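Fold and geometry: a report
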Amino acid sequence: VQLQASGGGLVLAGGSLRLSCAASGSIFRFNVMAWYRQAPGKQRELVAQIRTSRVTNYSDSVKGRFTISRDNAENTVSLQMNSLKSEDTGVYYCYALRVVVGDGTSHYWGQGTQVTVSS
């Protein structure tokens, strides 16, 4: 399984970016897909996640500004980021979780894409 993240870049505070994560093969396999981020000197943290049922969950710091979505036909998960703040700066990672009854849990990570918000 490969997860390819793209869409990062440099943006002014208040601006928008859209991240995309392309999976090799169907994303129906994944119970959960998510975006994490890691700021310099900080631990990696969950930003947003979406389940196969399309139920979503967001960290408090991004609620109302970020939207996660999944396109099963295109095998992609996207993160629309609006009203960006300097504290949103970091490396954003795509993540996928697969649970198979009787076969355990598998975790997959993309390579990360840098987001820099300039104030």
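These lines cover the structure that appears in this document, whether it is placed above or below. (Residues numbered from 1 in each chain as written. Predicted model: local features only at pLDDT ≥ 70, side-chain atom pairs only at ≥ 80, totals over all residues. Heavy atoms only, no water.)

Quick look at the state of the cysteines
Put plainly, a disulfide is one covalent bond tying together the sulfur atoms of two cysteines. This model, assessed by the stated rule, comprises one disulfide. Paired through a disulfide, Cys 21 and Cys 94 show a sulfur-sulfur distance of 2.0 Å. Taking the torsion about the S-S bond as the criterion, the Cys 21 to Cys 94 disulfide, at about -85°, is left-handed. In this pair, Cys 21 is assigned in strand E3 (residues 17–23) and Cys 94 in strand E9 (residues 90–100), connecting sequence segments 73 residues apart. Exposure remark for Cys 21: the relative accessible area of 0% places this residue in the buried category. (Disulfide = S-S within 2.5 Å. Helix = DSSP H or I, 4+ residues; strand = E, 2+ residues; numbered from the N terminus. Buried < 20%, exposed > 50% of the residue type's maximum accessible area, 1.4 Å probe, protein only.)

Digging into the pattern of salt bridges
On inspection of all chains with the given rule, the structure shows four salt bridges. One salt-bridge network, in which partners are shared between bridges, spans Arg 37, Glu 45, Arg 65 and Asp 88. (Salt bridge = Lys/Arg side-chain N within 4 Å of Asp/Glu carboxyl O.)

Some words on the side chain of Asp 88
Considering the arrangement of structural elements, one finds Asp 88 in the loop between strand E8 (76–81) and E9. In this structure the side chain of Asp 88 is engaged in a polar contact, spanning 2.8 Å, whose partner is the side chain of Arg 65. Setting aside anything within four residues of it in sequence, one finds Asp 88 in contact with Arg 37, Val 62, Arg 65, Phe 66, Ser 83, Val 115 and Val 117. (Polar contact = N/O pair within 3.5 Å; in protein donor to acceptor, adjacent residues only side chain to side chain. Contact = heavy atoms within 4.5 Å.)

Looking at the side chain of Arg 70
Considering the arrangement of structural elements, one finds Arg 70 in strand E7 (residues 66–71). No salt bridge forms around the buried Arg 70; measuring N to O, its nearest opposite-charge neighbour Asp 71 is 8.8 Å away. In terms of polar contacts, Arg 70 uses its side chain to reach the backbone carbonyl oxygen of Arg 51, at 3.3 Å. With residues near it in sequence (within four places) discarded, Arg 70 still touches Ile 27, Phe 28, Phe 30, Asn 31, Met 33, Ile 50, Arg 51, Thr 52, Arg 54, Thr 76 and Val 77. (Lys, Arg positive; Asp, Glu negative; His and termini not counted.)

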